[in-house]
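The primary structure of each chain is shown beneath.
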Amino acid sequence: EGGEGSDAVERMRIDSSGNVGIGTSPSDKLHVHGVTGDAPKIIISEGEANSAITATKNSPTNSDLRFQTLISDSLADRVIIDYSGNLNIPNDTGKLQLGASQDLQIYHNGTDSIIEDAGTGKLVLKGSTKVEVRGSNGEDLAVFAENGATELYHDNSKKFQTHPDGAEVVGH
């Protein structure tokens, strides 16, 4: 606390368990609390390069967690985990990259949505009983059944199907 005539206000507390509270009494190892309109933010920096983790409040009971990096002197959202648990990459150049070599990539290029195997292996889709490929309007495009038929569709109408003894073209 401040000396005589001081208007000092506590801003940080370290309790007897070693928990640290910034803007609040700590309820865990690190507890950062912001006031309404001033989202709590943890800044991680090296020199002039900053990154941040921010909690933004959407309603009295919901908040998003934002991971941000510095671009042209301002922080930009890179990944957002919203209050519903959805993981968002909020730009058309961002990619979800998985694997030690980032060889599985899921992204949107501004026009198309892409799942890409950028490595040396192959892309394998698995379903417990079948794999269905559908258009955005829900129309069937292809159906691949485990131990069963392969079906190809045009305008949601089956045009080709395999059978145990061969294949059938529908509506020649």
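Please refer to the structure placed before this passage.
The structure presented is a predicted model; accordingly, all values stated were derived computationally and were not measured.

J.: Please explain the sheet that holds strand E13 (residues 140–145) as it appears in this structure.
T.: Across the sheet, which stays open at both edges, the five strands sit in the order E12-E13-E14-E15-E16 with antiparallel pairing between neighbours. If you trace the sheet from one side to the other, it starts and ends with strand E12 (130–134) and strand E16 (166–169), each paired once. Averaged over all adjacent pairs, the angle separating strand axes in this sheet is 10°, with direction ignored. The sheet contact formed by E13 and strand E14 (residues 150–154) spans three bridges and is antiparallel. Note on E14: the bridge partner recorded for Ala-142 is Leu-152.

J.: Is there a simple way to think about unusual backbone geometry in this case?
T.: One can expect most non-glycine residues to show negative phi and most peptide bonds to be in trans. Of note, Asp-73 is a non-glycine position whose phi angle comes to about 70°, a positive value. Along the chain, the position of Asp-73 falls in the loop between strand E6 (63–71) and strand E7 (74–81).

J.: In this structure, what is going on with the sheet that holds strand E5 (residues 49–57)? I would like to understand it.
T.: Adjacent strands of a sheet pair through backbone hydrogen bonds, lying either parallel or antiparallel. Here five strands make up an open sheet; going across it, the order is E4-E5-E6-E7-E8 and the pairing antiparallel. Where the open sheet ends on each side, the last strands, each with one partner, are strand E4 (41–46) and strand E8 (87–88). Pairing geometry for E7 and E8, over two bridges, is antiparallel. Bridge assignment links Ile-81 to a residue of E8, and that residue is Leu-87.

J.: In this structure, what is going on with the pattern of salt bridges? I would like to understand it.
T.: Close approach of charged atoms lets side chains of opposite charge pair. All chains considered together, the criterion is met by seven salt bridges. The closest approach of N and O atoms between Arg-66 and Asp-77, which form a salt bridge, is 2.5 Å. One end of the pair, Arg-66, is in strand E6; the other, Asp-77, is in strand E7, with eleven residues separating them in the sequence. Here Arg-134 and Glu-132 are joined by a salt bridge, their closest N and O atoms 2.4 Å apart. Using a relative accessible area of 49% as the deciding quantity, one classes Arg-134 as partly exposed. Beyond isolated ion pairs, a larger network of salt bridges with shared partners links Lys-130, Glu-132, Arg-134 and Asp-140.

J.: Help me understand the pairing of strand E9 (residues 95–98) in this model?
T.: Side-chain positions along a regular strand alternate between the two faces of the sheet. As judged from the four bridges shared by E9 and strand E10 (residues 104–108), these two strands associate in the antiparallel manner. Note that in E10 the partner of Lys-95 across the bridge is Tyr-107.

J.: I'm lost on the environment of Arg-78 in this one. Help?
T.: With respect to the helices, strands and loops of the structure, Arg-78 is situated in strand E7. Along the chain, Arg-78 and Pro-164 lie 86 residues apart, while their C-alpha atoms are 50 Å from each other. Apart from residues no more than four positions distant in its own chain, Arg-78 is found in contact with Phe-67, Gln-68, Thr-69, Ile-71, Asn-88, Ile-89, Pro-90 and Asn-91. A polar atom in the side chain of Arg-78 sits 2.8 Å from the side chain of Thr-69.

Rules behind the numbers
Residues numbered from 1 in each chain as written. Predicted model: local features only at pLDDT ≥ 70, side-chain atom pairs only at ≥ 80, totals over all residues. Heavy atoms only, no water. Pairing = 2+ DSSP bridges. Helix = DSSP H or I, 4+ residues; strand = E, 2+ residues; numbered from the N terminus. Axes fitted to C-alpha atoms, helices over the stretch in contact; angles between N-to-C directions. Salt bridge = Lys/Arg side-chain N within 4 Å of Asp/Glu carboxyl O. Buried < 20%, exposed > 50% of the residue type's maximum accessible area, 1.4 Å probe, protein only. Contact = heavy atoms within 4.5 Å. Polar contact = N/O pair within 3.5 Å; in protein donor to acceptor, adjacent residues only side chain to side chain.

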